[in-house]
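Coordinates in review
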Amino acid sequence: MDGDRVEIDGGIMEGGGQILRVSTALSCLLGLPLRVRRIRAGRSQPGLRPQHLSGLEMVRDLCDGKLNGGEIGSTEITFTPGKIKGGTHIADTKTAGSVCLLMQVAMPCVLFAASPSELHLKGGTNAEMAPQIDYTVMVFKPIVEKFNFTFNCDIKKRGYYPQGGGEVVVRMSPVKELSPINLTERGTVTKIYGRAFVAGALPIKLAKDMSSAAVRCIRKEIRDLYINIQPVREPDDQAVGTGSGIIIVAETSTGCLLAGSSLGKRGKNSDKVGIEAAEMLLKSLKHGGTVDDSLQDQLIIFMALAKGVSRVKSGPITLHTQTAIHFAEQLTKAKFTVTKSEDEDPSNDTYIIECQGVGMINPNL
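Residue positions are given per chain, counting from 1 as you read along its sequence in written order. Reporting in this predicted model follows two pLDDT cut-offs: at least 70 for local features of residues, and 80 or more for side-chain atom pairs to be given and counted; totals over whole chains, interfaces and linings ignore these cut-offs and use all residues. Side-chain metrics in this entry use all non-hydrogen atoms of the structure; hydrogen atoms and water are not considered.

With an unreviewed UniProt entry as reference, the protein chain is termed RNA 3'-terminal phosphate cyclase, source organism Neopipo cinnamomea. UniProt positions are given in the numbering used here, feature names are shortened, and annotations may be inferred rather than shown by experiment. For the protein chain, the Catalytic activity (unreviewed entry) comment in UniProt is given as "a 3'-end 3'-phospho-ribonucleotide-RNA + ATP = a 3'-end 2',3'-cyclophospho-ribonucleotide-RNA + AMP + diphosphate". Heading Sequence similarities (unreviewed entry) of the UniProt record for the protein chain holds this comment: "Belongs to the RNA 3'-terminal cyclase family. Type 1 subfamily."

This is the structure we're talking about:
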């Protein structure tokens, strides 16, 4: 069997947990035994962290697979997938490790399961270096559902750094195959909305300050749109620990969603948190693409699995996206091309990511 293992170098390109997520999900879907070496070699603390390990264990359980080398700090694993089954699966990072990253590895797999799945994901809901759960619900979900599937994401409890303790339940039914997407027309921005939140020991005033600072910042560039960023205090029984942050979404006339977000932390001025999120959103709106930097790489695995040609217009291609494309091509027969977009303002730094997907068929349906 070992002779047929796909060998993955986890230290190249982006060199982080994303290589593990993309390659393990594809290994599970394609029934390819895998060896990943030099896991997270590009990080200050190389090897598996709790969130990576919980993600791997969940995928192992989803498909009755075998995982060797699955311990914290391990820099090499082998994974032998079995048959993907539905049902209830639990992944708990026991830290503030991101539940959204757990979702990234599991979601493509359960789409091709034999029956509906319920994923109980525990950890941080609003964590640094990962999409916030609000981003997943407000931006990722409506766009990724264009591949012709739906899922339900129920935020039971929010959890923040350092202890985590959040819980999200994701329910989804399997599909026969995924449809390709075509996101090439940005249209005009029609509304801007969002939420600025505080939880735990923090006063609602901080949320109001984040919201006002963000609105002032956006107003300098976009004058004629109503901007609705709700300040919210998370209910005490639905949040573990103390945290704050903001997400701002711009919706366009063609149904595109682009966002900017930021998290508060001790010693960081709340105005600065709001301004960071606003500047991130404005930067995404400037390049003229239909997706922001956070969504770009998350769509790659679905484009690779879909039947037919998907096209997405984006700003400059991030290293995360280049990495996702590299490993999607290495493991599937999908073919990606990235070309500079010609059609309009030459000052726009926009690209078309095109993919001839493999048309994965669910053998169970």
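1. Regarding the packing of aromatic side chains
In summary, the pairing rule links any two rings of Phe, Tyr or Trp, Trp by its six-membered ring, whose centres are within 6.5 Å, and it sorts them by plane angle into stacked for under 30 degrees, edge-to-face for over 60 and tilted for everything else. In total, this model carries six aromatic pairs according to the counting rule given. Judged by centre distance (6.4 Å) and plane angle (50 degrees), the rings of Phe-140 and Phe-302 are tilted. Pair noted here: Phe-140 is in helix α4 (residues 133–144) and Phe-302 is in helix α8 (residues 300–305), with a separation of 162 residues, a long-range link. Classification of Phe-140 by relative accessible area gives buried; the value is 5%. Taking 6.0 Å as the distance between ring centres and 20 degrees as the angle between the ring planes, the aromatic pair formed by Tyr-160 and Phe-197 counts as stacked. Residue Tyr-160 is located in the loop between β7 (151–159) and β8 (166–172), and its partner Phe-197 is located in strand β10 (residues 189–199); the two are separated by 37 residues in the primary sequence. Exposure class is identical for Tyr-160 and Phe-197. Each is buried. Pairwise contacts between aromatic rings join Phe-140, Phe-147, Phe-149, Phe-151 and Phe-302 into one cluster. Here the basic side chain of Lys-141 rests over the ring of Phe-151, its NZ or CZ set 5.2 Å away from the ring centre. The way it works is that DSSP assigns letters per residue, a run of H or I at least four long becomes a helix, a run of E at least two long becomes a strand, and they are numbered from the N terminus. For each residue, the accessible area found with a 1.4 Å probe, counting protein chains only, is set against the maximum for its type, and the residue is called buried under 20%, exposed over 50%, and partly exposed in between. As a reminder, the over-ring test applies to NZ of lysine and CZ of arginine, requiring each to be within 6 Å of the ring centre and within 35 degrees of the ring normal.

2. Points about the environment of Gln-132
As for its placement among the helices and strands, Gln-132 is situated in the loop between β6 (117–123) and α4. The buried category is assigned to Gln-132, whose relative accessible area is 3%. With 130 residues separating them along the chain, Gln-132 and Ser-262 place their C-alpha atoms 8.9 Å apart. Every residue in contact with Gln-132, bar those within four places of it in the chain, is listed here: Cys-100, Thr-125, Asn-126, Phe-197, Ile-246, Ser-261, Ser-262 and Leu-263. Residue contacts are counted whenever heavy atoms from the two residues lie within 4.5 Å of one another.

3. Considering the domain arrangement of the protein chain
For the domains described, the bounds stem from an automatic or database domain assignment. Each assigned domain of the protein chain is listed with its residue range as follows: domain 1 (6–182) and domain 2 (189–287). Summed over both partners, the accessible surface that disappears when two parts come together, traced with a 1.4 Å probe, is what is meant by buried area. Together domain 1 and domain 2 conceal approximately 1600 Å² of surface at their shared face, both sides included; 62% is due to carbon and sulfur atoms. A pairing counts as a salt bridge when a side-chain nitrogen of Lys or Arg comes within 4 Å of a carboxyl oxygen of Asp or Glu. The interface formed by domain 1 and domain 2 includes three salt bridges. Of the charged contacts in the structure, one is a salt bridge between Glu-234 and Arg-158, with a shortest N-O distance of 3.2 Å. Nitrogen and oxygen atoms within 3.5 Å of one another constitute a polar contact, given that in protein one can donate a hydrogen and the other can accept it, and given that sequence-neighbouring residues count only through two side-chain atoms. Counting every contact that joins domain 1 to domain 2 gives six residue pairs in polar contact (both at pLDDT 80 or more).

4. Details of the sheet that holds strand β1 (residues 6–9)
Judged by pairing direction, the sheet is mixed, and its four strands sit side by side in the order β1-β2-β4-β3 without closing on themselves. Both outer strands of the open sheet, β1 and β3 (66–68), are each paired with one neighbouring strand and no more. The sheet shows a mean angle of 15 degrees between the axes of neighbouring strands, direction not considered. Strands were regarded as paired on the criterion that DSSP finds at least two bridges between them. In this structure, strand β2 (residues 34–37) lies alongside strand β4 (residues 77–80), joined through three bridges in antiparallel fashion. The partner of Val-36 across the bridge, within β4, is Ile-77. Docked against the sheet, helix α1 (residues 17–30) engages β1, β2 and β4, running at close to 170 degrees with respect to β2. Fitted lines through C-alpha atoms give the axes, limited to the stretch in contact for helices. The angle between two N-to-C directions lies from 0 to 180 degrees. With respect to the sheet, helix α9 (residues 319–331) is in contact with β1 and β2, its orientation differing from that of β1 by roughly 170 degrees.

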